[in-house]
Amino acid sequence: MIGETRFDLTPAVQEYLREDEAPVRFVLRRLSEAKWRAVKNYEELGRPVEARHYALRHALEEILGAKVKGVGGDVVTEAGMGNLRRLVGDVELDFLGRAAITISKEIGAAEKKP
């Protein structure tokens, strides 16, 4: 595993970033235990899209390199999610939801403990 934690920018990733333009970076926080259970409940009900949407709304702390109204604070507003979707697109929004779930999973043996 390269990097100390999930989603670290490794040298391999850095090679694909444009040098003349700063990338947009998404700051995600781990979900609380209660919010993690809510995500798992959505998944058990066969509602994976809602699980990813909920996870992203509660995990997205801020966006570096872009201003999106409704993003920031404890929970992204529904309007903020719409603004975010217009910024990144449907596929990327889905990926961000998956990332929010992934960072909230238990830390594995190969990962550095925070």
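Shown above is the structure to which this text applies.
Residues numbered from 1 in each chain as written. Predicted model: local features only at pLDDT ≥ 70, side-chain atom pairs only at ≥ 80, totals over all residues. Heavy atoms only, no water.

K.L.:
Quick question: what am I supposed to make of the packing of aromatic side chains here?
P.N.:
Note on aromatic pairs: each is described by the distance of the centres and the angle between the planes. Tallied over the full model, the rule gives 1 aromatic pair. Judged by centre distance (5.9 Å) and plane angle (55 degrees), the rings of Tyr42 and Tyr54 are tilted. Of this pair, Tyr42 sits in helix α2 (residues 33-44) while Tyr54 sits in helix α3 (residues 48-59), and the two are 12 residues apart along the sequence. (Phe/Tyr/Trp six-rings, centres within 6.5 Å; stacked < 30°, edge-to-face > 60°. Helix = DSSP H or I, 4+ residues; strand = E, 2+ residues; numbered from the N terminus.)

K.L.:
Would you take a moment to explain the pattern of salt bridges for this structure?
P.N.:
Close approach of charged atoms lets side chains of opposite charge pair. On inspection of all chains with the given rule, the structure shows 7 salt bridges. A salt bridge links Arg29 to Glu61; the shortest N-O distance between them is 3.3 Å. Highlighted residues: Arg29 in the loop between β1 (25-28) and α2 and Glu61 in strand β2 (residues 60-64), separated in sequence by 32 residues. Assessed through its relative accessible area of 22%, Arg29 is described here as partly exposed. Given a relative accessible area of 34%, Glu61 falls into the partly exposed group. For the salt bridge of Arg52 with Asp94, the shortest nitrogen-to-oxygen distance reads 2.4 Å. Here the residue Arg52 occupies a position in helix α3, and Asp94 occupies one in helix α5 (residues 90-103), the gap between them amounting to 42 residues. Residue classification places Asp94 among the partly exposed positions, given a relative accessible area of 24%. (Salt bridge = Lys/Arg side-chain N within 4 Å of Asp/Glu carboxyl O. Buried < 20%, exposed > 50% of the residue type's maximum accessible area, 1.4 Å probe, protein only.)

K.L.:
Mind showing me how you'd approach the nonpolar core here?
P.N.:
Grouped burial of nonpolar side chains is what soluble globular proteins tend to show. In terms of nonpolar packing, the biggest core is built from 11 residues, these being Leu56, Leu60, Ile63, Val68, Val71, Val76, Met81, Leu84, Val88, Leu93 and Leu96. For this core, the secondary structure elements donating two or more residues are β2, α4 (78-88) and α5. If you tally residues by element for this core, the top one is α4, at 3 residues. Contacts of Val71, omitting those with residues within four sequence positions, involve Leu60, Ile63, Val76 and Gly80. Trp36, Val39, Ala51 and Ile101 belong to the second largest nonpolar core, which has 8 residues in total. (Core = buried A, V, L, I, M, F, W, Y, C linked by side-chain atoms within 4.5 Å. Contact = heavy atoms within 4.5 Å.)

K.L.:
What should I look at first to understand the side chain of Ser104 in this one?
P.N.:
Looking at the secondary structure, you find Ser104 in the segment after α5. Among the polar contacts listed, one links the side chain of Ser104 to the backbone nitrogen of Leu31, at a separation of 2.9 Å. (Polar contact = N/O pair within 3.5 Å; in protein donor to acceptor, adjacent residues only side chain to side chain.)

K.L.:
Honestly, the layout of surface pockets in this entry has me stumped. Any pointers?
P.N.:
Empty space among the atoms becomes apparent when a probe as large as a water molecule is rolled across them. In this structure, the second largest pocket encloses a volume near 230 Å³. Lining the second largest pocket are 13 residues, with Val49, His53, Met81, Leu93 and Asp94 sitting closest to its centre. Among the elements of the structure, α3, α4 and α5 are those that each provide at least two residues to the lining of the second largest pocket. The dominant element in the lining of the second largest pocket, judged by the number of residues it contributes, is α3, at 5 residues. Residue composition of the lining of the second largest pocket, grouped by class: 4 nonpolar, 3 polar and 6 charged. (1 Å grid on protein atoms, 1.4 Å probe; cavity = no way out; pocket = protein on both sides within 12 Å on 5 of 7 lines; lining within 4 Å. Points joined across faces, edges and corners; volume = space filled by probe spheres on them. Nonpolar A, V, L, I, M, F, W, Y, C, P; charged D, E, K, R; others polar.)

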